[in-house]
Each structure stands twice: as structure tokens, then as C-alpha cells.
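The primary structure of each chain is shown beneath.
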2 protein chains.
Amino acid sequence: MNSKLDTLKVALGERSYPIYIGHGLLNEAHLIEKHIASRQVMIVTNETIEPLYLQQCIKQFSNGFDVNAVVLPDGERYKTLTYLNKIFDSLLENKCNRQVTLIALGGGVVGDMTGFAAASYQRGVNFIQIPTTLLSQVDSSVGGKTGVNHALGKNMIGAFYQPKCVVIDTAVLSTLPDRELSAGLAEVIKYGAICDITFFEWLEKNMERLLERNAAALTYAIKTSCMKKAEVVAKDEKESGVRATLNFGHTFGHAIETHMGYGEWLHGEAVSVGMCLAADMSESLGWISSSDSSRVRSLCLQANLPVDLPKEMKAPDYLEQMKVDKKNVSKSIRLVLLQKLGEAVIYDCRDETLISEMIVRNQ
Amino acid sequence: MNSKLDTLKVALGERSYPIYIGHGLLNEAHLIEKHIASRQVMIVTNETIEPLYLQQCIKQFSNGFDVNAVVLPDGERYKTLTYLNKIFDSLLENKCNRQVTLIALGGGVVGDMTGFAAASYQRGVNFIQIPTTLLSQVDSSVGGKTGVNHALGKNMIGAFYQPKCVVIDTAVLSTLPDRELSAGLAEVIKYGAICDITFFEWLEKNMERLLERNAAALTYAIKTSCMKKAEVVAKDEKESGVRATLNFGHTFGHAIETHMGYGEWLHGEAVSVGMCLAADMSESLGWISSSDSSRVRSLCLQANLPVDLPKEMKAPDYLEQMKVDKKNVSKSIRLVLLQKLGEAVIYDCRDETLISEMIVRNQ
């Protein structure tokens, strides 16, 4: 059925798992079934994905599996303990035991919530990810970060918990809105900026093809992004060191998302602005040239991403949010900046005025 | 200051930790301070313990530590996601970062909730347990089971997460109500019944001294209980095998607690009735003699524990609850029974009528 199936392995010892990438994988039941321990399956999805792909996903399990589904409302604003509890309600109402397998069918929010539900239901059950947005395919499918938001901070409650496998079906991107395609490209650009100048240059040349949803270009970009992330995560699963570089653009980005209210800005859009800010700060520290800083901004613009700060936010708004960031160590604010284009570095900033000045300069 | 300090080690590889047992340890700051990573400390306690021991606990940290406290209402009914979120509120309002150490100062509910909060705040921070009830000293201080209840099942949401150390100060038992002392003794009796006939016999001879709160007897019972549990947990941290024997009396016990509404029955009281039922079932299967079954019942009675089923519950009420128990495998109900007095065995029961008959017989 499927002539081109790429398999990437995320190497994490006994928690290692495969990522399957290909066109039409949602019809390939054999890929998924071998990763399911018992006959109990609970699919978690959202109201947007349900009419598009839920029946197709359920169909894979016709032979005697006990398949149930829980449908959450769509959006970052529902990524809370309250909606997490809806998953637990459904698992308990259906008398699911410790052998159940949870399947996340949706974007990053569904993936993060399902993963955390799997990590904590009965203190841990299996889960599988079927990411349906570009962003979740290149980001949350690797790394095992799961969780929910708190009113006072994004992703503040969660667990490191690895899936048994990830199935990336590039065919599902055909139904993805343009705005979400662009948001996903922000994370793709990030990998080029922080660790692969060659990939960054490839993106500069191929952004048009990606926006046109050329299948070969998308597959290459997804595969490269997952590989880059898998390499970093294999070195540092719990983010004690190099993994923090994956948060390039995210410290500022999270501040925007939290302050503006979850859902107003897409995660990738906030990361795009965050990357431009981080590039500017790297330039002002004399680490990268103004032309390299401009290349980050141009590539984001090419991907139809926002690059300017939201007018509503002032410097103290950013600082307030950034001080509760998980990556901070003692009193400093942890930033990820560019040592050069294609190489990120962690910078614990103890001087808030440096950050304030940069924000004012960019407003 | 303290001439008698016992230290037990729970052997779990890189997650190993010490349990300190002694009289007056709450005044020995040096024990705790060496397990705290940074200066940020958040003490979680409840309204009952706050006036008794919170100030004494805070006093330990006078030298430049940043100590905050969150006080939860007291009781199993508050062991929910909603109240868990109060801990996250407090951590975020106080801008606690990933280096914070959470300290559980209280009984099993405070310990379970604080442990789960520590497991999930920013995907994992350090925690320390200072159990203030006999039950939590002999039970939740070993094993790393953390979590909250769900309306449809006890301890259904949680994580396996180990503390950095446990401080058992036997002096705090002086303020424990009699009813709670007895509830703690139920778990102590359990260790004798499932894995140590000599300890069981010691309890038969020394129950009076324990009820009189004789310090030497209590210390011996606590230390032996923790050792027994530590041995089992070291063999099977994630409860894939032998650890399940620690649930002797708990399958029936959880059914009682859940059906009667959290808080009506103390956990240890429900476990006492559950142990008597399990002993009766072991007898009816021909595994133990009627005189051994009576010894379990008598020892529970000696400890002033209930041994009869609540009149309000009928056989189907138990079965309904027992079917969602975490320990179940596929369609069977997992029970822990006695192969002989002093030796437990796991029994996956596929015949519900066996259970129904035994419940009817005991009503």
C-alpha cells in the first residue's frame, strides 16, 4: 500500500521508540497494532479533527479491539487540568485498566494532554501519538514533554513521558489551515537556526514549495526536523543541558502566549516573534552579524509568520512572564541565543535592563 | 541532641533515598538541609497539622532559605485535582522554579498530593516527606506512590515518584488521635500477615504497648514496617509483580472507601475490614486454617479496628468498585490473599460469584 515509509528511531534506552513518516499511514493498521499491549484503546481527539479523521482512525481497529474515543474542544485555552480530567472521566467510565493504550489524534494540545493523561492515569499507561498538524509532527512527536497549562504559566504541570510510537501521516496536512501550516514552519526554521545552517539555507530556497504543500519538500522538512530534535533529546532527555537550546524563541514566545491569553496567538507565531527577538539580542551582544539576524527575520516573513511584537505588550509584561519560566536558574532569566547562525547557546541573563532595552527597541 | 537515630535506605539505584527514624527529628535541621538543592522551599501541610508543627518545621530553615507554605483542608475528600491545583497556584504565585523543594508535612493525603505536585510541577522537582501519622510513616514514606483520587476511583491519577529523603519523627505521634493511631496499626498488621509471621506474633504480644504509645515499641514497629516495605519495593518499584502483595486488604478496602465517600472511613479502617475479608476468602479456598483467619481478625480487634462490613454496602457495590481497580488484568479481579499466615499471594479471580458469596457470608 505504502511504498515510501521512513522510520526514525528516538534513542532513549529502554524508552526508545520509532517515528513512522509517510503518506497515508493512517490506513496502515499493522504499524500501530504491534505497539498496543491489550485490546483496550482510548483515542483522544478534538472537535476539529473528529469529523476529519476519527472514523478513519477507529477503522484500523475493527478486529476485536475495544475502542473508545473522547473528543475535547479545540484550542490551547482548553489545555487545563479541568479538561485533562475529561480524559480521566472517560477512561474510568469505560473501565479502562492499566493495560489501556491512549492514542493522541490531533495537534500539540491533544498530544500534550493525552501524554500527560497516559503518564498519570493509574500512574502510567501506554500511549501513541498521531500528530495531525505540522507543528506537532516536527515538535511534540519527539521528546516526551507532556502537560497542561496553568493560569499563571504555560506547560507548568506535566511529565516527561515517552510514547510507544509516533505515526506521522503527511496526507493529513492537506486539511491543515494555512495559518497553522505557517505556525508549524516556525519550529522547522528553529532547527535550522539553532543547529544546522545547511538546513536553514535549504529552507531559504524551498519555502515556496513548503507553502504550496509539495509532498516531497514537506516530508524532507519533517524528517530533518524530527532527526535534529531526536539527536538533541537522546543526549539530554530531562533538559538538564543542551536540550534547552530547543527553546530558542520560546522564552519570549511563551511570554506572549501567556500574556495575550492562550489561543489568541498560535504557538508557532509567538515563537516566530521570539526567534526574531533572540536574533536581535544575539546581534546586540555582538555574536551574530546584522545580516544573519535579518536572515532569521526574512525567513519567518517568507513563511508568512509575524515578526513584530504585539503592540499591547510592554517590557514589564515580558519580564513578569519570563521570571516564572521553567528554564530559569535562581534569579536569572534563561535565554537561548545564537552564537552564530546554525548554533545556539544558553545565556543566563542577570541584567533585566538588557532585555527591557531590546524590547523597547523592537516596539 | 538526638542520641538514637536510625537510618534505613530504600535501594532504588539512582533514586535511592534514606529514611531517618527517631524521636525529635523535626528539630534536626542538618538532616533535611543536605537534601535541599537551592534555597527555595515550599511546605505543604493541612489545617490540622499547621497549628501543631508548621512553625517548628519552618524554624529549621532560618538561615537565608526562602520558605513558603500552603495549607490544605484536612481529609481524603480534598485529595483531588482541584486541591492539587492550590499547590500549583502557590508555587507559581511565589515564582518557584525547577530548583524548588517541596516538603510534605502531614499524613498520607498531604504526602500523596505533595509527591504528585512535585512529580508534575515543571515536569518534576525535588520533594521530602515528613509524615505525621503512623499510617503515613509506615506506608506512604516508602514506595513513591503519589497521586489524587477521582470521583470514580481512588488514587486513579498519579505518578511513581521518589522523595529525596523521609524524616520520621516519632515525637509527633503524641498528638495523633486514637482512631488514627489504630488506622495506622492496620498497615502495620498487614506487613506481619503478608510477609513476616514473627512480626505478626510480636504484634499479638505487644499490641497493648503500641496502643499506649510506648516509644520503643512504636519505633520498632515503624522500623520493621518500613524495612519490610522497602524490601518489596526495591524488588519491584513499578508494581509489575511482588509489590502488588502490599495491597493485601486494599482491593476490598478501596471499594469501601470509594463507595462510602472519601473521609467517612479512614483508609486503615477500610483496610482492616478488607484484610479480614481476604483472610476469610483464603480460608474458604482452603489455603489457611480457620484459626489463622481468626488471628487476623483478633489482631485487628485488639488494635481497636473495625472488622465487619459496612451494612450499607451489598455485594454488587463491591464488585462495581473492584472492577476499576488498577491492579486488575483484563477481565479478572486481582485479589491479594494469604497462602499461609505470613505469606501473601496474588490471585486473579475470574469468578465474581466467589466474591459475592463471600461478601454475603460476611454480612
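Residues numbered from 1 in each chain as written. Chains lettered and ligands numbered in written order. Predicted model: local features only at pLDDT ≥ 70, side-chain atom pairs only at ≥ 80, totals over all residues.

1. Details of the overall build of chain A
Thinking step 1. Across its full length, chain A holds 13 helices and 11 strands.
Thinking step 2. What you see for chain A is a C-alpha radius of gyration of 20 Å, in line with the 21 Å of a compact globule of 363 residues.
Thinking step 3. Over its C-alpha atoms, taken along the principal directions, chain A stretches across nearly 60 × 40 × 35 Å.
Thinking step 4. A fraction of 73% describes how many contacts in chain A between residues 6 or more apart in sequence connect residues 24 or more apart. (Helix = DSSP H or I, 4+ residues; strand = E, 2+ residues; numbered from the N terminus. Rg over C-alpha atoms; globule rule 2.2 N^0.38 Å. Contact = placed C-beta atoms within 7 Å.)

2. Focus on the interface of chain A and chain B
Interfaces are often sized by the amount of accessible area the parts lose when they come together.
Thinking step 1. Listed per partner, the contact involves 31 residues of chain A and 31 residues of chain B.
Thinking step 2. For the side of chain A that touches chain B, the secondary-structure elements that each account for two or more residues are helix 3 (81–93), helix 4 (108–120), strand 7 (145–150) and strand 8 (153–160) of chain A.
Thinking step 3. It is strand 8 of chain A that contributes the most residues to the side of chain A that touches chain B, 6 residues altogether.
Thinking step 4. Residue composition of the side of chain A that touches chain B, by class: 12 nonpolar, 12 polar and 7 charged. (Nonpolar A, V, L, I, M, F, W, Y, C, P; charged D, E, K, R; others polar.)

3. Here's the deal with the confidence of the model for chain A
Thinking step 1. Per-residue confidence for chain A gives a mean pLDDT of 92; residues scoring 70 or more make up 97%.
Thinking step 2. Reported for the predicted complex are a pTM of 0.88 and an ipTM of 0.87. (pLDDT = per-residue confidence, 0-100.)

4. Quick word on the packing of helix 6 (residues 178–195) of chain A against helix 8 (residues 215–235) of chain A
All names here are of chain A.
Thinking step 1. Contact pair helix 6 / helix 8: the axes reach a minimum separation of 10 Å and the direction vectors enclose 50 degrees. What the angle tells us is that helix 6 and helix 8 run oblique. Of the two elements, helix 6 crosses helix 8, and the hand of that crossing is left-handed. Of the residues in helix 8, those in contact with Glu187, Val188, Tyr191 and Cys195 of helix 6 are Ala221, Ser225, Lys228 and Lys229. (Axes fitted to C-alpha atoms, helices over the stretch in contact; angles between N-to-C directions. Parallel < 35°, antiparallel > 145°, perpendicular 65-115°, else oblique. Left-handed = near helix turned anticlockwise from the far one by under 90°.)

5. Overview of the domain arrangement of chain A
Residue and element names in this part refer to chain A.
Thinking step 1. Looking at chain A, the domain boundaries give domain 1 (5–175) and domain 2 (178–361).
Thinking step 2. Each of domain 1 and domain 2 was reduced to a C-alpha centroid, and the two centroids are 26 Å apart.
Thinking step 3. Taken together, the contacts link 29 residues of domain 1 with 30 residues of domain 2.
Thinking step 4. The set of elements that each furnish at least two residues to the side of domain 1 that touches domain 2 consists of strand 1 (5–10), strand 2 (17–22), helix 5 (134–138) and strand 8.
Thinking step 5. Looking at which element gives the most residues to the side of domain 1 that touches domain 2, the answer is helix 5, with 4 residues.
Thinking step 6. Split by residue class, the side of domain 1 that touches domain 2 holds 14 nonpolar, 10 polar and 5 charged. (Domains from an automatic or database assignment.)

6. What to know about the sheet that holds strand 9 (residues 165–169) of chain B
Residue and element names in this part refer to chain B.
Thinking step 1. Within the open sheet, the 7 strands sit side by side as 1-2-9-6-5-3-4. Their pairing is mixed. In the strand order of this sheet, the two ends are held by strand 1 (5–10) and strand 4 (66–72), each with one partner. The sheet shows a mean angle of 20 degrees between the axes of neighbouring strands, direction not considered.
Thinking step 2. Sheet topology places strand 3 (residues 40–46) next to strand 4; 7 bridges connect them, and they run parallel. From the neighbouring strand, Asn46 faces strand 4, where its bridge partner is Leu72.
Thinking step 3. In the packing of helix 2 (residues 50–59) onto the sheet, contacts are made with strand 3, strand 4, strand 5 (101–106) and strand 6 (126–131), and the angle to strand 3 comes to roughly 165 degrees.
Thinking step 4. Packed on one face of the sheet, helix 3 (residues 81–93) meets strand 3 and strand 4 and runs near 160 degrees to strand 4. (Pairing = 2+ DSSP bridges.)

7. Re helix 9 (residues 250–260) of chain B
Residues and elements named next belong to chain B.
Thinking step 1. Counting buried positions along helix 9 yields 9 of 11 residues, so the element is predominantly enclosed.
Thinking step 2. Elements that come into contact with the buried residues of helix 9 comprise strand 8 (153–160), helix 10 (267–284), helix 12 (315–322) and strand 10 (333–340).
Thinking step 3. Directly after helix 9, the chain includes Gly261, whose backbone phi takes a positive value near 95 degrees. (Buried ≥ 20, exposed ≤ 12 C-beta atoms within 10 Å, placed from the backbone.)

8. A word on the sheet that holds strand 3 (residues 40–46) of chain A
The strands making up a sheet associate through hydrogen bonds between their backbones, and the pairing can be parallel or antiparallel.
Residues and elements named next belong to chain A.
Thinking step 1. With mixed pairing, 7 strands are arranged side by side in an open sheet as 1-2-9-6-5-3-4. Of all the strands in the sheet, just strand 1 and strand 4 (66–72) have a single pairing partner and so form its edges. Each neighbouring strand pair of the sheet contributes to a mean axis angle of 20 degrees, computed without reference to strand direction.
Thinking step 2. Bridge count for strand 3 against strand 5 (residues 101–106) is 4 bridges, and the pairing is parallel.

9. Considering the relation of the copies chain A and chain B
Thinking step 1. Least-squares fitting of chain A to chain B yields an RMSD of 0.0 Å, with the superposition described by an axial translation of 0.0 Å and a rotation of 180 degrees. Here the two chains are linked by the operation of a two-fold rotation axis. In terms of C-alpha distance to the rotation axis, chain A has Leu81 of chain A as its closest residue, with the C-alpha 3.6 Å off the axis.
Thinking step 2. Of all interface residues in chain A, 100% are interface residues in chain B too; the two copies therefore contact each other through one and the same surface. (Least-squares fit on C-alpha atoms with pLDDT ≥ 70 in both.)

10. A closer look at the packing of helix 12 of chain B against helix 13 (residues 352–361) of chain B
Residue and element names in this part refer to chain B.
Thinking step 1. Where helix 12 contacts helix 13, the two axes come as close as 9 Å, and the packing angle between them is 135 degrees. In terms of orientation, helix 12 lies oblique with respect to helix 13. Crossing handedness for the pair helix 12 and helix 13: right-handed. Contacts from Ala315, Tyr318 and Leu319 in helix 12 reach Glu352, Ile355, Ser356, Ile359 and Val360 in helix 13.
Thinking step 2. Looking at the contact of helix 12 with helix 13, its residues break down into 6 nonpolar, 1 polar and 1 charged.

11. Overview of the nonpolar core
Thinking step 1. Within the largest apolar cluster, 228 residues are counted, with the highest numbers of intra-cluster contacts made by Val44 and Ala278 of chain A together with Val44 and Ala278 of chain B.
Thinking step 2. Leave out the neighbours within four places in its chain, and Val44 of chain B touches Val70, Leu72, Ile87, Leu102, Ile103, Ala104, Leu105, Val110, Met113 and Thr114 of chain B. (Core = buried A, V, L, I, M, F, W, Y, C linked by C-beta atoms within 7 Å.)

12. Some remarks on the pairing of strand 1 of chain A
Residues and elements named next belong to chain A.
Thinking step 1. The pairing of strand 1 with strand 2 spans 6 bridges and is antiparallel. Its bridge partner being in strand 2, Lys9 is matched across the sheet by Pro18.
Thinking step 2. What sits between strand 1 and strand 2 in their antiparallel hairpin is a turn of 6 residues, with Gly13 showing a positive phi close to 60 degrees.

13. Looking at helix 11 (residues 290–302) of chain A
All names here are of chain A.
Thinking step 1. For helix 11, with 13 residues, the first-to-last C-alpha span of 18 Å sits near the 18 Å given by 1.5 Å per residue.
Thinking step 2. When we look at burial in helix 11, the residues that qualify are Ser293, Val296, Leu299 and Cys300. What you see down the axis of helix 11 is that its buried residues fit within an arc of 125 degrees, all on one side. When the buried face of helix 11 is taken as reference, the exposed residues oriented beyond 90 degrees from it are Ser290 and Ser291. (Expected span 1.5 Å × (residues − 1). Arc of directions from axis to C-beta.)

14. Here we look at the environment of Phe160 of chain B
Thinking step 1. Relative to the helices and strands, Phe160 of chain B is located in strand 8.
Thinking step 2. As a C-alpha pair, Phe160 of chain B and Thr146 of chain B span 14 residues in sequence and 6.1 Å in three-dimensional space.
Thinking step 3. The residues contacting Phe160 of chain B, other than those within four sequence positions of it, are Arg123 of chain A together with Gly144, Lys145, Glu237 and Lys238 of chain B.

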